[in-house]
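Chain by chain, the residues run as shown.
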Amino acid sequence: MPGLLLDTLRGTPAATSPIWLMRQAGRYLPEYRELRAEKGGFLALVYDTDAAAEITVQPIRRFGFDGAILFSDILIVPYAMGQDLQFLAGEGPRLSPRLVDHALESLIAVPERLTPIYETVRKVRGALAVDKTMLGFAGSPWTVATYMVAGEGSRDQHDTRAMAYRDPSAFQAIVDAVTEVTVEYLCGQIEAGAEAVQLFDSWAGSLSPVQFTKWVIAPNAAIVAAVKARHPETPIIGFPKGSGEKLPAYARETGVDAVGIDETIDPLWAARELPAGMPVQGNLDPLLLLSGGAELERGALAVLDAFADRPHVFNLGHGIGQYTPIAHVEQLLAIVRGWSR
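Predicted, not measured: the structure shown is a model, and the values here were computed from it.

**Student:** Could you clarify how one ought to interpret the pattern of salt bridges in this entry?
**Tutor:** Between side chains of opposite charge, a pair can form when the charged atoms approach closely. Overall, the coordinates contain 15 salt bridges when judged by the stated rule. When the shortest N-O distance is used, the salt bridge between D66 and R337 registers 2.7 Å. You can see D66 sitting in the loop between helix 4 (49–63) and strand 1 (67–69) and its partner R337 sitting in helix 15 (residues 326–338), a full 271 residues away along the chain. On the accessibility criterion, D66 (7% relative accessible area) is buried. Looking at R337, the relative accessible area reads 37%, which means it is partly exposed. Put simply, R230 and E191 hold a salt bridge, and the shortest N to O gap is 3.8 Å. Taken together, the positions of R230 in helix 10 (residues 209–230) and E191 in helix 9 (residues 168–192) put the pair 39 residues apart, joining distant regions of the chain. For R230, a relative accessible area of 40% puts it in the partly exposed group.

The structure is reproduced here in structure tokens:
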């Protein structure tokens, strides 16, 4: 029997909002830090399927969230496409060779790098109660391409935006290749037991409206159509962080079942401007969760009240911060669980 989260993503009204948090399986949890110290670096954890499954389940065990989000990373796709991937302490991920210097054709694909991720999904789904939803995910092509081109994250995605203007055909080839692999990756997760999936477009906010249509809406629409052709019953959440006033067009034109919104979006505006009846996910500021107290309660209730007239999944506007106190997460859960329409 589907749980509250899966029902909500399918558009079924409910008296309460389900809750899960982006990055809920991670560094703010002492049990995660203990396991990471034992097992080693981040990528080693991702590819140790027992460890990755345990990390995915840890926040469900501690807090009882309605959904478990797969412990992995959006850069597994370029890793499977043939780039080398490293996570450097204090510096973040690095991909090589950078596609600003090398052609896409120079990469030799290693598709078997996706296989352990599916095994993690199978293990997690087997460990979860039937009313908890297993969430898979992938990065959206624009965001993944920004890392592939530059070799690392950047504040304004300068190298990638410049390449997209300077050589749109070469950049289109990268986006098309990421799109193709992402479709297979998401379908593989679904076939392994993921009941809903999320597309993270973390750098969507750096694009002009015309470029947003070309590099965010179009490839996400292609992914949604291809995944839906094979798995029509699986909800797809789109999260175009930073999209601002371009969000309604994204919601209408990509075909996603639900849209995630970041903390910069006024929830009342989103409730008014997004397609009627579309499930919305979000959008508490992660810094409010870090701060706790009365302001956290006011902020959480404002989000809940704003979306009282449509299906709503409570979440943060982005990932939970590393130094967020456990007590504040418990406070948030009590607020959300105690609220009803």
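**Student:** Is there a simple way to think about unusual backbone geometry in this case?
**Tutor:** A negative phi angle characterises most non-glycine residues, just as the trans form characterises most peptide bonds. Here the residue pair S96 and P97 is connected by a cis peptide bond, since its omega of -5 degrees sits within 30 degrees of zero. Looking at the secondary structure, you find P97 in the loop between strand 3 (92–96) and helix 6 (115–127). Omega for the peptide link from G282 to N283 comes to -15 degrees, which places this bond in the cis form. Structurally, N283 is set in strand 8 (residues 280–284). The backbone phi angle of R23 is positive, close to 65 degrees, even though this residue is not glycine. Here R23 lies in the loop between helix 1 (4–9) and helix 2 (30–39). A positive phi angle is found at Q157, which is not glycine, with a value near 55 degrees. Here Q157 lies in the loop between helix 7 (141–150) and helix 8 (158–166).

**Student:** How should helix 9 be read in this particular structure?
**Tutor:** Every α-helix carries 3.6 residues per turn, so stepping three or four residues along brings you back to the same face. With 25 residues, helix 9 extends 36 Å between its outermost C-alpha atoms, agreeing within 8% with the 36 Å of an ideal straight helix rising 1.5 Å per residue. Just beyond helix 9, the residue with positive phi is G193, at close to 135 degrees.

**Student:** Please clarify how the layout of surface pockets should be interpreted in this entry.
**Tutor:** Any empty space left between the atoms is revealed when a probe the size of a water molecule rolls over them. In this structure, the largest pocket spans a volume of roughly 1,400 Å³. For the largest pocket, the lining is made up of 40 residues, of which R23, R27, F42, D73 and F87 are closest to its centre. Elements with a minimum of two residues in the lining of the largest pocket: helix 2, helix 3 (42–47), strand 2 (84–88), strand 3 and helix 7. Counting residues per element, the lining of the largest pocket draws most heavily on strand 3, at three residues. Partitioned by chemical class, the residues of the lining of the largest pocket number 20 nonpolar, twelve polar and eight charged. In this structure, the second largest pocket spans a volume of roughly 150 Å³. Among the residues forming the lining of the second largest pocket, the class breakdown is eight nonpolar, no polar and two charged.

**Student:** What is the right way to look at the side chain of Q281 in this model?
**Tutor:** One can find Q281 in strand 8. Of the polar contacts made by the side chain of Q281, one reaches the side chain of Q198; its length is 2.9 Å.

**Student:** When you look at the pairing of strand 5 (residues 196–201) in this model, what are you seeing that I'm missing?
**Tutor:** If a strand is regular, its side chains alternate between the two faces of the sheet. For strand 5, the buried fraction is high: six of the six residues fall into the buried class. Here strand 5 shows a buried face lined by A196, Q198 and F200 and a second buried face lined by V197, L199 and D201. Bridge count between strand 4 (residues 133–139) and strand 5: five bridges; the pairing is parallel. Its bridge partner being in strand 5, F137 is matched across the sheet by Q198. Remark: the strand 5/helix 10/strand 6 (residues 236–240) crossover connection has right-handed handedness.

**Student:** Help me understand the pairing of strand 6, please; the structure alone is not making it clear to me.
**Tutor:** Most of strand 6 sits inside the fold, with five of its five residues counted as buried. Burial of strand 6 is two-sided: the residues I236, G238 and P240 facing one way and the residues I237 and F239 facing the other way are all buried. Here strand 6 runs beside strand 7 (residues 258–260); their pairing, made up of two bridges, is parallel. Bridging across to strand 7, I237 finds its partner in A258. Where the polypeptide runs from strand 6 across helix 11 (residues 247–253) and back to strand 7, its parallel neighbour, the crossover connection is right-handed.

**Student:** Can you help me understand the sheet that holds strand 5 in this one?
**Tutor:** Each strand in a sheet pairs with another by means of backbone hydrogen bonds, the pair being arranged parallel or else antiparallel. Spatial strand order, 1-4-5-6-7-8-9: seven strands in an open sheet with parallel pairing. Looking at strand neighbours, the two that pair on one side only are strand 1 and strand 9 (312–316), the edges of this open sheet. Taking the axes of each pair of neighbouring strands and ignoring which way they run, one obtains an average angle of 25 degrees across the sheet. Where strand 1 and strand 4 come together, three bridges link them in parallel fashion. Directly across from I69, in strand 4, lies its bridge partner L135.

Definitions and cut-offs
Residues numbered from 1 in each chain as written. Predicted model: local features only at pLDDT ≥ 70, side-chain atom pairs only at ≥ 80, totals over all residues. Heavy atoms only, no water. Salt bridge = Lys/Arg side-chain N within 4 Å of Asp/Glu carboxyl O. Helix = DSSP H or I, 4+ residues; strand = E, 2+ residues; numbered from the N terminus. Buried < 20%, exposed > 50% of the residue type's maximum accessible area, 1.4 Å probe, protein only. Expected span 1.5 Å × (residues − 1). 1 Å grid on protein atoms, 1.4 Å probe; cavity = no way out; pocket = protein on both sides within 12 Å on 5 of 7 lines; lining within 4 Å. Points joined across faces, edges and corners; volume = space filled by probe spheres on them. Nonpolar A, V, L, I, M, F, W, Y, C, P; charged D, E, K, R; others polar. Polar contact = N/O pair within 3.5 Å; in protein donor to acceptor, adjacent residues only side chain to side chain. Pairing = 2+ DSSP bridges. Right-handed = clockwise from strand over helix to strand, strands pointing away. Axes fitted to C-alpha atoms, helices over the stretch in contact; angles between N-to-C directions.

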